[in-house]
Amino acid sequence: AKSDLAALRKKTGYSLSICKKALSENNNNLAEAETWLKNQAQAQGWAKAQKLQGRNTSQGLLGLRIQGQKAALVELNCETDFVARNEKFKSILDSLAKT
């Protein structure tokens, strides 16, 4: 199920060890492992967010939207340049600039 592990990691973006645990907890069922990961993320998300509060976010991107006589500039920060280059991060920035 090495290919399942790679597929789960690519689809979810979670680390190799977390994806491996998700698959082992769910008898190598890819769909159940993905659901398990989402549930774990929700359960642990608030606690983790509190712990990470105040950390340095020195990387990021700027988004610019010009429409007629109006313009919007959005700054979206993150901790690493790796995250800033991620397509999901760029997509979030694009969505923010359009609203």
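Residues numbered from 1 in each chain as written. Predicted model: local features only at pLDDT ≥ 70, side-chain atom pairs only at ≥ 80, totals over all residues. Heavy atoms only, no water.

A. Examining the overall build of the protein more closely. A count of helical and extended segments in the protein gives five helices and two strands. Counting from the amino terminus, helix and strand elements in the protein follow one another as α-α-α-β-β-α-α. Scaling as 2.2 N^0.38, a compact globule of 99 residues should have a C-alpha radius of gyration of about 13 Å, whereas the protein reaches 17 Å, well beyond that. Summarising its shape, the C-alpha atoms of the protein cover approximately 55 × 30 × 20 Å along the three principal directions. Excluding contacts between residues fewer than 6 apart, the proportion of contacts in the protein whose partners are at least 24 apart in sequence is 24%. When the accessible area of the protein is evaluated, it comes to approximately 7900 Å², of which 52% is carbon and sulfur surface. Computed over 16 positive and 9 negative side-chain charges, the inter-centroid distance for the protein is 1 Å. (Helix = DSSP H or I, 4+ residues; strand = E, 2+ residues; numbered from the N terminus. Rg over C-alpha atoms; globule rule 2.2 N^0.38 Å. Contact = heavy atoms within 4.5 Å. Areas by Shrake-Rupley, 256 points an atom, 1.4 Å probe, with all protein chains shown as cover. Lys, Arg positive; Asp, Glu negative; His and termini not counted. Charge placed at Lys NZ, Arg CZ, Asp CG, Glu CD.)

B. Region of interest: the pairing of strand β2 (residues 70–78). Note that strand β1 (residues 59–67) and β2 share nine bridges and pair antiparallel. The residue of β2 that forms the bridge with glycine 63 is valine 74. Counted along the chain from β1 to the antiparallel partner β2, the turn is two residues long, and its residue glycine 68 has a positive phi close to 65°. (Pairing = 2+ DSSP bridges.)

C. Spotlight on the side chain of threonine 12. Along the chain, the position of threonine 12 falls in helix α1 (residues 2–12). Judged by relative accessible area, which is 17%, threonine 12 ranks as buried. A polar contact is formed between the side chain of threonine 12 and the backbone oxygen of leucine 8, at a distance of 2.7 Å. Separated by 3.3 Å, the side chain of threonine 12 and the backbone nitrogen of tyrosine 14 make a polar contact. Setting aside residues up to four positions removed in sequence, threonine 12 forms contacts with Cys19, Glu34, Leu37 and Lys88. (Buried < 20%, exposed > 50% of the residue type's maximum accessible area, 1.4 Å probe, protein only. Polar contact = N/O pair within 3.5 Å; in protein donor to acceptor, adjacent residues only side chain to side chain.)

All quantities given are derived from atomic positions and should not be read as evidence of function.
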